Amino acid sequence: MPDLDALRNEALFAGALDPMSLRFQIVEYDKSSGELLSVRCDDIGFREAVETTAGLIGQRQDSHFCLQPVGFIQ
């Protein structure tokens, strides 16, 4: 499981928004063709998005996953 605090600190150090204040969708692409396969989750927090994606990576070796921000937590 990735270190969420380290990921958050990396993002902040690079000048990005705090990922803990964002909502994400998990998008799945085929590794070989780049074809969009699915949007796995469409509005989840950073911690849940990273944990869910880590599990999906282990299950779907032929896919590439991206976390795309879709909104802010207010």
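Conventions used here
Residues numbered from 1 in each chain as written. Predicted model: local features only at pLDDT ≥ 70, side-chain atom pairs only at ≥ 80, totals over all residues. Heavy atoms only, no water. Polar contact = N/O pair within 3.5 Å; in protein donor to acceptor, adjacent residues only side chain to side chain. Helix = DSSP H or I, 4+ residues; strand = E, 2+ residues; numbered from the N terminus. Buried < 20%, exposed > 50% of the residue type's maximum accessible area, 1.4 Å probe, protein only. Contact = heavy atoms within 4.5 Å. Core = buried A, V, L, I, M, F, W, Y, C linked by side-chain atoms within 4.5 Å. Expected span 1.5 Å × (residues − 1). Arc of directions from axis to C-beta.

Colleague: Help me understand helix H1 (residues 4-13), please; the structure alone is not making it clear to me.
Modeller: Note on helix geometry: an α-helix contains 3.6 residues per turn, so any two residues three or four positions apart are oriented the same way. N-cap assignment for H1: the residue whose side-chain oxygen lies 3.1 Å from the backbone N of Asp 5 is Asp 3. Downstream of H1 by a residue or two, Gly 15 has a phi angle that is positive, lying close to 95 degrees.

Colleague: Mind showing me how you'd approach the side chain of Glu 28 here?
Modeller: Here Glu 28 lies in strand E1 (residues 22-30). Looking at Glu 28, the relative accessible area reads 1%, which means it is buried. Excluding residues within four positions of it along the chain, Glu 28 makes contact with Glu 35, Leu 36, Leu 37, Ser 38, Arg 40, Arg 60, Ser 63, His 64 and Phe 65.

Colleague: Sorry, what's going on with the nonpolar core here?
Modeller: One broad trend across soluble globular proteins is that nonpolar side chains are buried collectively. Leu 4, Leu 22, Phe 24, Ile 26, Cys 41, Ile 44, Phe 46, Ala 49, Val 50, Leu 56 and Phe 65 form the largest nonpolar core, which has eleven residues in total. Breaking this core down by element, the ones donating at least two residues are E1, strand E2 (36-45) and helix H2 (46-59). Per element, the largest residue contribution to this core is four residues, and it comes from H2. Setting aside chain neighbours within four positions, we find Phe 46 in contact with Leu 4, Leu 7, Pro 19, Met 20, Leu 22 and Phe 24.

Colleague: Can you help me understand the side chain of Gln 25 in this one?
Modeller: Relative to the elements of secondary structure, Gln 25 occurs in strand E1. Ignoring sequence-local partners within four residues, the contact set of Gln 25 consists of Val 39, Cys 41, Asp 42, Cys 66, Leu 67, Gln 68 and Val 70.

Colleague: Help me understand H2 in this model?
Modeller: Under the 1.5 Å per step criterion, the end-to-end length of H2 is 20 Å for 14 residues, consistent within 8% with the ideal 20 Å. Those residues of H2 lying buried are Phe 46, Ala 49, Val 50, Thr 53 and Leu 56. Looking straight down H2, one finds that the buried residues subtend no more than 130 degrees of arc, so they occupy a single side. Exposed and oriented more than 90 degrees from the buried face of H2 are Gly 58 and Gln 59.

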